[in-house]
Amino acid sequence: MRKCVMIIDDDEQIVALLKLSLLERGYDVTTACSATDASQKLEYTPVDLIITDIFMDDGDGFDVIFKWRKQGKQCKLIAISGGGAQNGPDTFLETARLAGVQRTFNKPFHRSDLLRAVDELLEVDPALLDSPRTA
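Residues numbered from 1 in each chain as written. Predicted model: local features only at pLDDT ≥ 70, side-chain atom pairs only at ≥ 80, totals over all residues. Heavy atoms only, no water.

A closer look at the packing of helix H2 (residues 35-42) against helix H3 (residues 61-70)
Here is step 1 of the chain: As a packed pair, H2 and H3 sit with axes 9 Å apart at the nearest point and diverge in direction by 20°. What the angle tells us is that H2 and H3 run roughly parallel. Regarding H2 and H3, the two cross each other, and that crossing is right-handed. Of H3, the residues touching H2 (which contributes Ala 35, Ala 38, Ser 39 and Leu 42) are Val 64, Lys 67 and Trp 68. (Axes fitted to C-alpha atoms, helices over the stretch in contact; angles between N-to-C directions. Helix = DSSP H or I, 4+ residues; strand = E, 2+ residues; numbered from the N terminus. Parallel < 35°, antiparallel > 145°, perpendicular 65-115°, else oblique. Left-handed = near helix turned anticlockwise from the far one by under 90°. Contact = heavy atoms within 4.5 Å.)

Quick word on the sheet that holds strand E6 (residues 76-81)
Here is step 1 of the chain: The five strands are arranged E2-E1-E3-E6-E7 in an open sheet whose pairing can be described as parallel. A strand with exactly one partner marks an edge of an open sheet, and here the two such strands are strand E2 (28-32) and strand E7 (103-106). Mean inter-strand twist for the sheet, computed between neighbouring axes without regard to direction, equals 15°. (Pairing = 2+ DSSP bridges.)

Listed below in structure tokens is the structure:
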């Protein structure tokens, strides 16, 4: 069974790049461009892993994380952040770790590092992902 990853970020370029990379690796991918959009989609979309930006125009990744946990739903979480106006990204990513996020990445990050984290958290053997697919 294929694993589903949700990408939540208001930066369209990051969403497009990560979506393409994850699709190429054989994951199902759903995206959300805001915290509000993510909350609505998570009501009816089962996911195995969420990659969420911490700061977005209409809210933040913490809203998504806490709402998800409050509903008793379980999945793996990765938080990414470029930081806030007054604090560096490390402050917010540390808070995310305290909230139960398994992996965190400062922007800009290396795509290969994030993909490796996805594979590890979903317990997928990267060798299987890199092998040619046959229909």
